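# A structural walkthrough
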Amino acid sequence: VSFDEELYCVGIGRTVNVPFMLYPENANNDTLEVSINNTKIATVSLEKKDDGVIQIAGLASGTATITLKAGDAIVAKKEITVTEVLPEIITIETETKTPLIGDKGTFSVVYAPADVTTQKVTWKSSAPNVLKVNADGTYQAVSVGNATITATHAKGVIGTFEIEVLPIEVESIALTSSWDTTKAFYRNNTMTLRAEV
């Protein structure tokens, strides 16, 4: 049996198909069996005996050896490596880029590729006095200004998000008076005006 590559690598949670060639070509493949020496690292199955394909499913980081047997005879051994799937790009998302003072919300992370093994980041705000962000990605807008939010993966990949905290603008003012409007207002009279924003 021969394989196309010397070493096969698979990510945790992913599956790969490993093709192999049988020699001679007219060999009886009915007795072929595949096994792995560490089932905590990966699982293996013989998907297509005729075409010669072993399917490997990665479970945990590490190395393991696949053994291909024909009857009682070992016809091939192949070492595989299972690794974490690391992020290539981190994108930060939230409900709005312009919260108002006092608003609360949550940042979320979108990974590329989507099946990143460890989906945890450390959050940081460049201006916590403007926008405070907590360890779980929740935030509160504190004062008017701009802040850069950073999400850092343990493997060093960083995503950033620019956010601007806006003031709460006045929409209307209701003016009321303590004076009895059924009476005339003469010189030297006083009243109290109250403005409700």
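Anyway, here's the lowdown on the structure attached to this text.

Each value, and the rule that gives it
Residues numbered from 1 in each chain as written. Predicted model: local features only at pLDDT ≥ 70, side-chain atom pairs only at ≥ 80, totals over all residues. Heavy atoms only, no water. Helix = DSSP H or I, 4+ residues; strand = E, 2+ residues; numbered from the N terminus. Rg over C-alpha atoms; globule rule 2.2 N^0.38 Å. Buried < 20%, exposed > 50% of the residue type's maximum accessible area, 1.4 Å probe, protein only. Pairing = 2+ DSSP bridges. Axes fitted to C-alpha atoms, helices over the stretch in contact; angles between N-to-C directions. Phe/Tyr/Trp six-rings, centres within 6.5 Å; stacked < 30°, edge-to-face > 60°. Salt bridge = Lys/Arg side-chain N within 4 Å of Asp/Glu carboxyl O. Patch = residues over 30% accessible without salt bridge, like charges linked within 9 Å, V, L, I, M, F, W, Y side chains within 5 Å. Areas by Shrake-Rupley, 256 points an atom, 1.4 Å probe, with all protein chains shown as cover.

## As for the overall build of the protein chain
- Broken down by element type, the protein chain carries zero helices and 18 strands.
- Computed over C-alpha atoms, the radius of gyration of the protein chain comes to 33 Å, more than 25% over the 16 Å expected from 2.2 N^0.38 for 197 residues, which places it beyond the range of a compact globule.
- Each principal axis of the C-alpha atoms in the protein chain carries an extent, and together these give about 120 × 30 × 25 Å.
- Buried positions account for 31% of the 197 residues belonging to the protein chain.

## Some remarks on the sheet that holds strand S10 (residues 104-106)
- Here three strands make up an open sheet; going across it, the order is S10-S14-S13 and the pairing antiparallel. Where the open sheet ends on each side, the last strands, each with one partner, are S10 and strand S13 (131-133). Across the sheet, the axes of successive neighbouring strands diverge by a mean angle of 25°, strand direction being ignored.
- Pairing between S10 and strand S14 (residues 138-141): three bridges, direction antiparallel.

## Side note on the packing of aromatic side chains
- Throughout the structure, instances matching the rule amount to four aromatic pairs.
- Taking the centre distance of 5.7 Å and the plane angle of 25° together, the rings of Phe 107 and Trp 123 count as stacked. With Phe 107 in the loop between S10 and strand S11 (108-112) and Trp 123 in strand S12 (residues 121-125), the pair connects residues that are 16 residues apart, well separated along the chain.
- Residue Phe 107 is classed as buried on the basis of its relative accessible area of 3%.
- Judged by relative accessible area, which is 12%, Trp 123 ranks as buried.
- Plain terms: the ring middles of Trp 179 and Phe 185 are 4.8 Å apart, the flat faces sit at 85° to each other, and that makes the pair edge-to-face.
- Here a set of aromatic residues connected by ring pairs shows up, and it is made of Phe 107, Trp 123, Tyr 139 and Phe 161.

## Let's talk about the pairing of S12
- Burial along S12 is one-sided: Val 121, Trp 123 and Ser 125 are buried, while Thr 122 and Lys 124, pointing the other way, are not.
- Of the pairings in the sheet, the one linking S12 to strand S15 (residues 145-153) comprises five bridges and is antiparallel in character. Pairing of Val 121 across the sheet is with His 153, part of S15.

## With respect to the pattern of salt bridges
- The tally for this structure, following the rule as stated, stands at one salt bridge.
- Residue Asp 115 is joined to Arg 14 by a salt bridge in which the shortest nitrogen-to-oxygen separation is 2.6 Å. Note that Asp 115 is positioned in the loop between S11 and S12 and Arg 14 in the loop between strand S2 (8-11) and strand S3 (15-21), a separation of 101 residues in sequence.
- On the accessibility criterion, Asp 115 (33% relative accessible area) is partly exposed.

## As for a nonpolar patch on the surface
- On the surface, a cluster of nonpolar side chains totalling about 330 Å² of accessible area is made up of Leu 100, Ile 101, Val 144 and Ile 168.
- Tracing the chain through its elements places Ile 101 in the loop between strand S9 (89-93) and S10.

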